[in-house]
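Chain by chain, the residues run as shown.
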Amino acid sequence: AYHGWCFDSSGTCTRVPQQPDRVDKAKPVQSYAVKKDLGILWVWMDPETLDSIGNKIRLPIDPLLRKCYEGSGDTYCFMRDLPYGMEILGEN
């Protein structure tokens, strides 16, 4: 959601709280493949390589982290540094 805007899995806007009568005029957004593991959403940002690479790559999850998560669930807190550029990190 962006400022309360909601989108479905195809990127179509389904709700604009500030202007509910203008939902049909809202621009669609790019949608991406997502996997959820250990309470983390993992996003594959390149739709063109999803089938050839994205669906074949194992998520970078340490076995010790998986063991801790399976024992504690969402109450277990952890951080992981992942290499990425500013073009992915951008925020308004």
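Here, every reference points to the structure presented above.
Residues numbered from 1 in each chain as written. Predicted model: local features only at pLDDT ≥ 70, side-chain atom pairs only at ≥ 80, totals over all residues. Heavy atoms only, no water.

## Here we look at the pairing of strand 3 (residues 33-37)
Piece 1. Two strands pair when backbone bridges link them, and strand 3 and strand 4 (residues 40-44) are joined in this way by 5 bridges, in the antiparallel orientation. Counted as the bridge partner of Asp37 is Ile40 from strand 4.
Piece 2. From the end of strand 3 to the start of strand 4, which pair antiparallel, there are 2 residues, and Leu38 there has a positive phi angle of about 55°. (Pairing = 2+ DSSP bridges. Helix = DSSP H or I, 4+ residues; strand = E, 2+ residues; numbered from the N terminus.)

## So, unusual backbone geometry
Piece 1. Phi is positive for Leu38, close to 55°, though the residue is something other than glycine.
Piece 2. Summarising the element assignment, Leu38 is placed in the loop between strand 3 and strand 4.

## Quick look at the pattern of salt bridges
Piece 1. Counted according to the given criterion, the structure contains 1 salt bridge.
Piece 2. Of the charged contacts, one joins Arg66 and Asp37 as a salt bridge, the two residues approaching to 2.8 Å between their closest N and O atoms. One end of the pair, Arg66, is in helix 2 (residues 63-72); the other, Asp37, is in strand 3, and 29 residues separate them in sequence. (Salt bridge = Lys/Arg side-chain N within 4 Å of Asp/Glu carboxyl O.)

## Looking at the environment of Trp5
Piece 1. Along the chain, Trp5 turns up in the segment before strand 1 (6-7).
Piece 2. The class for Trp5 is partly exposed, based on a relative accessible area of 27%.
Piece 3. When the C-alpha atoms of Trp5 and Pro17 are compared, they prove to be 6.6 Å apart, with 12 residues separating the residues in sequence.
Piece 4. Of the polar contacts made by the side chain of Trp5, one reaches the side chain of Gln18; its length is 3.3 Å. (Buried < 20%, exposed > 50% of the residue type's maximum accessible area, 1.4 Å probe, protein only. Polar contact = N/O pair within 3.5 Å; in protein donor to acceptor, adjacent residues only side chain to side chain.)

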